[in-house]
Amino acid sequence: MLTVGTALLALAGCAGGTPAASSGGDGGTPKSGGTLKVSYFPDNPNLACIDPFQVYWIESRSIIRNFADSLTDQDPKTGEIVPWLATSWQISPDGLTYTFKLRDGVTFSNGKKLDAQAVADNATGWIATVKATNGAALGASYVQGLTGAKAVDASTVEFTLSKPNSSFLQATSTTNLAITDPAEYQLTPAERCTGKSVVGSGQFVLDHYTAKVETVLTKRTGYQWGSALSKNRGEAYLDKVVFNYIAEDSVRTGNLISGATDISWPRNPFTPQDEQLIQRSGDKIEQRSLPGVSYTLFANTAAGHVLGDAQVRLALNKAIDRKTYATTVFGANYPVVQGAFNATTPFFKSQSDKLGYDPDGAAKALDTAGWTVGKDGYRYKGGAKLTIDYPTTQFSAGSELLQAQLKKVGIDLSLRTLTQAQQATYVNNGEYDLTGTYFTRADPGALQFILNPDVANSRALARASAPPAGITQVQTLFTKALQTTDAAQTKQAYADLQDYLIAEGVTFPLFERVQKAGVSSKVHGFAFTSESFLKLNDVWKD
């Protein structure tokens, strides 16, 4: 039995040009009281929800982090898993049993004890929710292989898995596996999304959640079990936190500068102009890369699609000028993506040497594949133009710039704006050559939910992302990484995976996903969690 008090997830190379900026040490004596006002991007139009296990919207998960605690916590700087509601844990040699010792004296905000039976009942609720939602709940990806849990005694809970899953320990640090009053699982998933039954043990209490309007948290009196990663492990300094949802970036920025709000939290990074306005006003910009899969393009390699040719995929990779893309779309100091994962992801390995802009290399690859340059500058073979169909949405940042870059090597990137109905069907129908997506989680296992057809959220995308032999190799490397208790083997497998994805043209990283926040000069103690969510433990206001 492997006994663990902390576990290191090897956050190699995490600097990556994106500082885990925090004002946690910005000086002054913390003051209690006051209301913090946060302006968010609009609430999820497809799944307005505040239930921890179900929700995937980053803004909602950021709110959840502050009213619902987890068994463990994860250090944003090192990737280390540390105690929180659990004081220690053991992992069986076969990786099938995780046993947690719980902290004494913890209660939910309604006064109920948070004991081993409550944790075990949460696990039962998670499994039931996976079944009830046909695996659509985001939490389903965090409990792969989980078969159940039992209370060994009042302070000891044992989880059992059907197969080893080295990502499970990290999963216990996330908002999606936050521990809530298990009474909520007596309701349907849809009823729980309203938040009326969601009760956590956190530093704040969920006062109310009004979908697409506002969410309000209030201070929890008597709280005293924050993780060691917080300076303030006791009651919050703030009395209340009000989150509202504002669509226009310029309005959120204006509200921050005028003092109407204290934190402006955009979904996409601020424009360089807005950053300048915020800083000139005396306020601050905080930033940290979102861990997990970078914004990455994936090819349709199925028969009849041009990216089924490995040489064309190689040319595509070499034709993307990622540095120019980052600085043009997001600003001069924006970091350049270094691989399939963002730089804050544990086990990250930079692929920068393979991702350099090389138009001559792209031309050579296309020549090898038999594509010749026509009078219009585009490449042709057998009378057909080298056209890549790239469906886009309103959130497709810089698509025209990418189109211009590929044109320089003779590739016609055809941009096709999708209707909302088409967005739901085009991947399953195979109606694309290139598409982009990402996954936010501080564990590289997140990528399997894009690329491994056995567990992917879109199995159609996963199956089309590489030829059959490539998919098999990706699955093999994931198996090596996940089905072991040997951290060195996990690290090596993920390193090999990252090398393979770039070398074989399975992934085409486009840009680093960076979470930025505009923070009032009156706000102190700002910090990001390991998932780059807002952490309020140490926040106070002048």
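When you look at the confidence of the model for the protein chain in this model, what are you seeing that I'm missing?
Detailed reading of predicted coordinates is not advised where the pLDDT is low. Confidence in the prediction for the protein chain averages 94 pLDDT; 94% of positions are at 70 or higher. Low pLDDT, under 50, characterises residues 12–24; the stretch is placed with 34 contacts to residues that sit more than four places away or in other chains.

Before we go on, may I ask you to explain the sheet that holds strand β21 (residues 508–511) in this structure?
Each strand in a sheet pairs with its neighbour through backbone hydrogen bonds, running either in the same direction (parallel) or in the opposite one (antiparallel). Reading across from one edge, β20-β14-β21 is the order of the 3 strands in this open sheet, with antiparallel pairing throughout. The strands lining the two open edges of the sheet, one partner per strand, are β20 (434–440) and β21. Adjacent strand axes in the sheet meet at a mean angle of 35 degrees, parallel and antiparallel pairs treated alike. The pairing of strand β14 (residues 292–299) with β20 spans 6 bridges and is antiparallel. Within β20, the position partnered with Leu-297 by the bridge is Gly-436.

Help me out: how do you make sense of the state of the cysteines in this one?
Each disulfide is one covalent bond, formed between the sulfur atoms of two cysteines. In the structure shown here, the tally under the stated rule is 1 disulfide. The residue that forms a disulfide with Cys-49 is Cys-193, at a sulfur-sulfur distance of 2.2 Å. As the torsion about the S-S bond is roughly -80 degrees, the Cys-49-Cys-193 disulfide counts as left-handed. Taken together, the positions of Cys-49 in the loop between β2 (35–40) and α1 (58–64) and Cys-193 in helix α4 (residues 189–193) put the pair 144 residues apart, joining distant regions of the chain. For the pair formed by Cys-49 and Cys-193, the shared burial category is buried.

Can you help me understand the side chain of Thr-175 in this one?
Residue placement: Thr-175 occurs in the loop between α3 (168–171) and α4. With a relative accessible area of 0%, Thr-175 lands in the buried category. Those residues in contact with Thr-175 that lie beyond four places of it in its chain are Pro-52, Arg-61, Ile-64, Arg-65, Ser-70, Glu-531 and Phe-533.

Quick question: what am I supposed to make of the sheet that holds strand β17 (residues 384–385) here?
Strand order in the open sheet formed by 3 strands is β15-β16-β17, with antiparallel pairing between adjacent strands. Among the strands making up the open sheet, the edge pair consists of β15 (372–373) and β17. As paired elements, β15 and strand β16 (residues 379–381) share 2 bridges and run antiparallel to each other. What sits directly across from Val-373, in β16, is Arg-379.

Just to check I follow, could you spell out helix α2 (residues 116–132) for this structure?
Along an α-helix, a turn takes 3.6 residues, which lines up residues three or four apart on a common side. An ideal rise of 1.5 Å per residue puts 24 Å on 17 residues; α2 measures up with 24 Å between its terminal C-alpha atoms. Taken together, the buried positions of α2 are Ala-116, Ala-118, Val-119, Ala-120, Asn-122, Ala-123, Gly-125, Trp-126 and Thr-129. Its buried side turned inward, α2 meets β6 (97–102), β7 (146–153), β8 (156–161) and α4. Of the residues trailing α2, Asn-134 is marked for its positive phi of about 55 degrees.

Looking at this structure, how should I read the pattern of salt bridges?
Close approach of charged atoms allows side chains with opposite charge to pair. Going through the model one piece at a time under the given rule, you end up with 17 salt bridges. Residues Asp-249 and Arg-252 are paired through a salt bridge, measuring 2.3 Å at the closest nitrogen-oxygen approach. You can see Asp-249 and its partner Arg-252 sitting in helix α5 (residues 249–258), 3 residues apart, about one turn around the helix. Two residues, Lys-318 and Asp-358, come together in a salt bridge whose shortest N-O distance is 3.5 Å. A residue pair is termed long-range when its members are at least 10 positions apart, and Lys-318 in helix α7 (residues 310–319) and Asp-358 in the loop between α8 (322–330) and α9 (359–368) qualify at 40 residues. The network of salt bridges with common partners includes Lys-349, Asp-353, Lys-354 and Asp-499.

Explain the pairing of β14 here, please?
Along any regular strand, the residues point their side chains to alternate faces of the sheet. Along β14, 8 of the 8 residues are buried, which leaves the element largely enclosed by surrounding structure. As paired elements, β14 and β21 share 3 bridges and run antiparallel to each other. Paired with Tyr-295 across the bridge in β21 is Phe-511.

Would you mind showing me how to read the environment of Ser-264 here?
As for its placement among the helices and strands, Ser-264 is situated in strand β12 (residues 263–265). Once the C-alpha coordinates of Ser-264 and Val-523 are considered, the two residues, 259 residues apart in sequence, prove to be 12 Å apart. Contacts of Ser-264, omitting those with residues within four sequence positions, involve Ser-39, Arg-252, Thr-253, Leu-256, Phe-270, Ala-517 and Gly-518.

Hey, could you run me through helix α15 (residues 487–503) in this one?
Helix length check: α15 (17 residues) gives 24 Å between terminal C-alpha atoms against 24 Å at 1.5 Å per residue, within 8%. Burial in α15 covers these residues: Thr-490, Ala-493, Tyr-494, Ala-495, Leu-497, Gln-498, Asp-499, Tyr-500, Leu-501 and Ile-502. Looking at the packing, one finds that the buried side of α15 touches α7, α12 (448–451), α14 (468–482) and β21. Where α15 starts, the residue carrying a side-chain oxygen 2.9 Å from the main-chain nitrogen of Ala-488 turns out to be Asp-486. One or two positions beyond α15, positive phi appears at Gly-505, with a value near 65 degrees.

The rules behind each value
- Residues numbered from 1 in each chain as written.
- Predicted model: local features only at pLDDT ≥ 70, side-chain atom pairs only at ≥ 80, totals over all residues.
- Heavy atoms only, no water.
- pLDDT = per-residue confidence, 0-100.
- Contact = heavy atoms within 4.5 Å.
- Pairing = 2+ DSSP bridges.
- Helix = DSSP H or I, 4+ residues; strand = E, 2+ residues; numbered from the N terminus.
- Axes fitted to C-alpha atoms, helices over the stretch in contact; angles between N-to-C directions.
- Disulfide = S-S within 2.5 Å.
- Buried < 20%, exposed > 50% of the residue type's maximum accessible area, 1.4 Å probe, protein only.
- Expected span 1.5 Å × (residues − 1).
- Salt bridge = Lys/Arg side-chain N within 4 Å of Asp/Glu carboxyl O.
- Polar contact = N/O pair within 3.5 Å; in protein donor to acceptor, adjacent residues only side chain to side chain.

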